[in-house]
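Residue-level structural notes
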Amino acid sequence: MLPLRFTQRRFPQTKLFLTSYFLSTTNNHRGSNLNQPSSPPPIKVLLTETAGRGVFATRTIQPGELIHTAKPIISHPSIASTDNVCYVCLKIVTKQSGFQAQEVLFCSEECREQAKGFYEVEKEADWSAFVAHCRTRGLKYPFLAKRLACMVISGVASSDSLDILQPAHLSAEMISQMKEELCLLRSALEDSGMKDEQLTFLNIEWYAGVLARIRINAFRIELAGNTYEDLLALAAASVESEAAVGNAVYMLPSFYNHDCDPNTHIIWVENVEARLKALREIEAGEELRICYIDASMDRDARQNLLSNGFGFQCNCPRCMSND
Ligand SMILES: C[S@@+](CC[C@H](N)C(=O)[O-])C[C@H]1O[C@@H](n2cnc3c(N)ncnc32)[C@H](O)[C@@H]1O
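Residues numbered from 1 in each chain as written. Predicted model: local features only at pLDDT ≥ 70, side-chain atom pairs only at ≥ 80, totals over all residues.

1. Things to note about the overall build of the protein
When helices and strands are counted, the protein shows nine helices and twelve strands. Residue burial in the protein is summarised as follows: out of 323 residues, 34% are buried. For the protein, the proportion of contacts with a sequence separation of at least 24, taken over those separated by at least 6, is 71%. (Helix = DSSP H or I, 4+ residues; strand = E, 2+ residues; numbered from the N terminus. Buried ≥ 20, exposed ≤ 12 C-beta atoms within 10 Å, placed from the backbone. Contact = placed C-beta atoms within 7 Å.)

2. Comments concerning the environment of F219
The residue F219 is located in strand β7 (residues 219–221) in this model. Distance from F219 to V249, taken between C-alpha atoms, is 6.2 Å for residues 30 residues apart in sequence. With residues near it in sequence (within four places) discarded, F219 still touches N247, A248, Y250, P253 and I266.

3. As for the domain arrangement of the protein
Considered domain by domain, the protein is made up of domain 1 (14–71 + 250–320) and domain 2 (74–247). Tallying the contact residues gives 15 residues for domain 1 and 18 residues for domain 2. With three residues, the single largest contributor to the side of domain 1 that touches domain 2 is strand β10 (residues 264–268). Tallied by class, the residues present in the side of domain 1 that touches domain 2 amount to nine nonpolar, five polar and one charged. (Domains from an automatic or database assignment. Nonpolar A, V, L, I, M, F, W, Y, C, P; charged D, E, K, R; others polar.)

4. Some points on the sheet that holds strand β1 (residues 43–47)
Strand pairing in a sheet relies on backbone hydrogen bonds. The paired strands run either parallel or antiparallel. Read across the sheet, four strands follow the order β1-β2-β12-β9 without closing on themselves; strand pairing throughout is mixed. The open sheet has two free edges, formed respectively by β1 and β9 (257–258), since each of these has just one partner strand. Bridge count between β1 and strand β2 (residues 53–57): five bridges; the pairing is antiparallel. Opposite L46, over in β2, you have G54 as the bridge partner. (Pairing = 2+ DSSP bridges.)

5. Description of the site of the ligand
Close to the ligand lie 18 residues; A51, G52, R53, N257 and H258 are nearest. Secondary-structure elements contributing two or more residues to the shell around the ligand are β2, α6 (204–217) and β9. Residue assignment places the shell around the ligand across two domains, with domain 1 (14–71 + 250–320) and domain 2 (74–247) each supplying three or more. (Near = placed C-beta within 6 Å.)

6. What about helix α2 (residues 109–122)?
With 14 residues, α2 extends 18 Å from end C-alpha to end C-alpha; this agrees with the ideal 20 Å at 1.5 Å per step. Approximately 65° is the largest bend angle found in α2, and it occurs at K116. (Expected span 1.5 Å × (residues − 1). Bend = angle between axes of the 7 residues up to and from the residue.)

7. Brief notes about the confidence of the model for the protein
In low-pLDDT segments, the atomic positions of the prediction should not be examined closely. Residue-level pLDDT values for the protein average 87, and 82% of them are 70 or greater. Within the model, the stretch residues 1–31 combines pLDDT values under 50 with 43 contacts to residues more than four positions away or in other chains. As a predicted assembly, this complex carries a pTM of 0.87 together with an ipTM value of 0.99. (pLDDT = per-residue confidence, 0-100.)

Next comes the structure, spelled out in structure tokens:
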């Protein structure tokens, strides 16, 4: 089979959608405090010359300024973190302090309420074969696709929620692996009594299209920690397994392009809500770029990672100067 490229309906209604997204993202007072996002955020999404769409400053942005915050479209804890983070917002939570629902934890009544949008469907199914399959292969992104599938079935998300995001190129081998995951995902839902008409969207085109977008746009969530207890819990978690508490996909943060010497960074303090902050002064009209990888690596290692993981050759000023 030829490798699939998801070119159809790549970026539907981008401009309209982003305008309304900006308006609902933040609502604080403009410029009154560098740690409060301004409203509307001082950015707009435009086409770049070489890197598709990108995010540009509409005014001078100060060093350290909180440009905007963003809530995820989908998020999911890593397998290693399921026992100590909220199943919705990925906040560190202990079994004593959280609300436990069967095998998952919620940090608050609000998150438990929000989880109804997928958990009512998810909890009826036996996921052991799906989880075992992902665990043995070290796969994390199928969990995000599973959550989106449950949200679509519940009616809280549309099956085309991620269509606006850029998809990765998928090889025939990747698609054949995805077929196995999809089979387990569908079986779990069918065996839970789900009707065929509720699962019509859940075919390989949908699943591969979602995974192609998650692959390029998902963020690995590492919390910076808010309190001393959070820092201790995070230190313990990173010794036992890895520092990431989970993965998430956002809308606006997905439009930030990469630079090996970025002017913006994305951080998570106590939960999955992302904070985009300026690392230095950014002029009006300048593109805001974040770094997708560990910038301390040498040029060849950075280029290899970006090419294999994101499918592009980085031509940022740092790479061009062979640094
Ligand atoms: C997370 S998306 C960023 C938004 C994307 N430009 C769009 O139009 O949706 C990542 C993709 O943007 C492009 N990109 C990001 N940074 C780039 C760079 N420094 N050079 C070339 N392409 C880049 C690549 O195609 C990459 O796979």
